[in-house]
Structures are given as C-alpha cells and as structure tokens.
Amino acid sequence: MSLALAPLDVSVEVEANLPCRKFDPDLWFSDSPAELELAKSLCGDCPLRVECLAGAVERAEPWGVWGGEIFERGAVVPRKRPRGRPRKEDLARDAALRVEAEARLAASGLSESRTTVRLAA
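Everything numeric here is computed off the predicted structure, so don't read it as measured data. (Residues numbered from 1 in each chain as written. Predicted model: local features only at pLDDT ≥ 70, side-chain atom pairs only at ≥ 80, totals over all residues. Heavy atoms only, no water.)

## Overview of the sheet that holds strand β1 (residues 63-66)
Pairing is antiparallel across the open sheet formed by three strands, whose spatial order is β1-β2-β3. Single-partner strands in this sheet number two, and they are β1 and β3 (75-77). In this sheet, neighbouring strand axes are inclined to one another by 35° on average, regardless of whether the strands run parallel or antiparallel. Judged from the four bridges that link them, β1 and strand β2 (residues 69-72) form a sheet pairing that is antiparallel. Directly across from W66, in β2, lies its bridge partner E69. (Pairing = 2+ DSSP bridges. Helix = DSSP H or I, 4+ residues; strand = E, 2+ residues; numbered from the N terminus. Axes fitted to C-alpha atoms, helices over the stretch in contact; angles between N-to-C directions.)

## Points about the side chain of E69
On the secondary structure map, E69 appears in strand β2. When sequence neighbours within four positions are dropped, the list of residues in contact with E69 reads K40, L53, G64, V76, A101 and R104. (Contact = heavy atoms within 4.5 Å.)

Below you can see the structure in the form of structure tokens.
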C-alpha cells in the first residue's frame, strides 16, 4: 500500500512562532543572569514549553534555558548567580526560588520522578 500524499508537517508553522527560533539563540546559553531571566520569561508563552522541559530533564542538559527553567551542570537552578561570593539576602532568595522551581516542575508533572529531576542545592 502506498500513500498518495505525505502527511502535513505542521511543525514548520509552529517552529516559526517559538521564541527560541525568533530571538538570538545565544540568549538561552548566556553567562549573564539578566539575559537568562529574559530567556526564561520568553519561554512562558511557548506552546512547546512542557515538552522542551521534559526533554531537557530526560537528557540532563548541562546548561542553558530549557522549557522556562535554567539548567546548570544537569540540574535545574532557580536563578543563575553572578560570579563571586553570594550575599546573605541572595541565599534567602535562592531558597525561595528553589521552592518556586519545584512547584513549577510539579505543575508540569515532571517532579513525580525525583530520580530524573535534580534541583541544585
């Protein structure tokens, strides 16, 4: 049996509307914490955000913004710290952001398997 028509490839249309396809790709792999926060915010309305995050968790991506989360050394981090010793108020904010990141992962259904999702301490 042969197919007369190839299946319609809708991914071409979807890819045109993805923020990671519209903006500079280096933004998602920046060293600047401010640029990474911008990349995270751009992922917020992406139609493939959950799939992107799930794939990054499965692959244990070493760095970058995937599915609206920052990965560093294969773990989800709440925010990228600038170089140097962190301030005391930054440590408290990091703890609050870690809880928020866990909540977002749980809402996406990805924290059920804690063996695959690792949050940096």
